[in-house]
Amino acid sequence: MELQPILEIELLKTPQIALKKNLTISSVIVGEKIIDFRNSAGTFVESLNIKDGKVNFEIEHYYPGSSGGSIYISCSVNVKNNTLSQPLCHEKE
C-alpha cells in the first residue's frame, strides 16, 4: 500500500511559484460507489494531463481482500476562476 494514498492538485501563482489553491483527493465517487484510496490493495495514477481548463487523470484502483479485482477510472477537475472543483469521475471499460 502507498504511504499516503492521496492525489494532490495544486494551483500555483507565477512567476513567484506561490500556492493559490490545493485539492487533496483521497476518494472519488463513481456512479453510486465511493472509491476510497485508503481502503485498497493499491491505487495508481495511470495518466495525467491538463487541457482546456481541466486536470484530467486516470487511476486504477485495486480492491483489497481475497475477492480482489480492480476498477479503471477516468476523472476531471475543472480549474476556473482560481478554484479547483471536486473530481467528476466515471468507470472506463
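Just so it is clear, the model here is predicted, and its values are computed rather than measured.

Quick word on the environment of Glu46
With respect to the helices and strands, Glu46 occurs in strand 5 (residues 42-51). Put simply, Glu46 and Glu60 are 14 residues apart on the chain and 6.8 Å apart in space, counted from C-alpha to C-alpha.

Points about a nonpolar patch on the surface
Side chains of Leu12, Ile17 and Leu19 sit close together on the surface and give an oily, nonpolar patch of about 290 Å² of accessible area. Residue placement: Ile17 occurs in the loop between strand 1 (7-13) and strand 2 (18-25).

Topic: the state of the cysteines
Counted by the stated rule, this structure contains one disulfide. Each sulfur in the disulfide pair Cys75 and Cys89 lies 2.1 Å from the other. Residues Cys75 and Cys89 are joined through a disulfide that is right-handed, its torsion about the S-S bond being 110°. Of the two residues, Cys75 sits in strand 7 (residues 70-80) while Cys89 sits in strand 9 (residues 88-91), which places them 14 residues apart along the sequence. For Cys75, a relative accessible area of 2% gives the class buried.

Examining the nonpolar core
In terms of nonpolar packing, the biggest core is built from 18 residues, with Ile9, Ile25, Val28, Val30, Phe57, Ile73 and Val77 touching the most fellow members. Sorting elements by how many residues they give to this core places strand 7 first, with four residues. What Ile25 contacts, discounting residues up to four positions off in sequence, is Pro5, Ile6, Leu7, Ile9, Phe37, Phe57, Val77 and Pro87.

Let's talk about the confidence of the model for the chain
When pLDDT is averaged along the chain, the result is 92, and 97% of the positions lie at 70 or above. Mean pLDDT in the chain bottoms out at strand 1, which sits at 92, and peaks at strand 9, which reaches 98.

Comments concerning unusual backbone geometry
In this model, Thr14 is joined to Pro15 through a cis peptide bond whose omega is 5°. In the Ramachandran plot, Ile17 falls in the positive-phi region, its phi being about 60° despite a non-glycine side chain. With a phi close to 60°, Asn82 is a non-glycine residue in the positive phi region. The topology assignment puts Asn82 in the loop between strand 7 and strand 8 (83-84). Residue Asn82 is classed as partly exposed on the basis of its relative accessible area of 41%.

What about the pairing of strand 4 (residues 33-36)?
Residues in a regular strand point their side chains to alternate faces of the sheet. In the sheet, strand 3 (residues 27-30) pairs with strand 4 via four bridges, with the strands oriented antiparallel. Counted as the bridge partner of Val28 is Ile35 from strand 4. Where strand 3 hands over to strand 4, the hairpin turn is made up of two residues, of which Gly31 adopts a positive phi near 65°.

Conventions used here
- Residues numbered from 1 in each chain as written.
- Predicted model: local features only at pLDDT ≥ 70, side-chain atom pairs only at ≥ 80, totals over all residues.
- Heavy atoms only, no water.
- Helix = DSSP H or I, 4+ residues; strand = E, 2+ residues; numbered from the N terminus.
- Patch = residues over 30% accessible without salt bridge, like charges linked within 9 Å, V, L, I, M, F, W, Y side chains within 5 Å.
- Areas by Shrake-Rupley, 256 points an atom, 1.4 Å probe, with all protein chains shown as cover.
- Salt bridge = Lys/Arg side-chain N within 4 Å of Asp/Glu carboxyl O.
- Disulfide = S-S within 2.5 Å.
- Buried < 20%, exposed > 50% of the residue type's maximum accessible area, 1.4 Å probe, protein only.
- Core = buried A, V, L, I, M, F, W, Y, C linked by side-chain atoms within 4.5 Å.
- Contact = heavy atoms within 4.5 Å.
- pLDDT = per-residue confidence, 0-100.
- Pairing = 2+ DSSP bridges.

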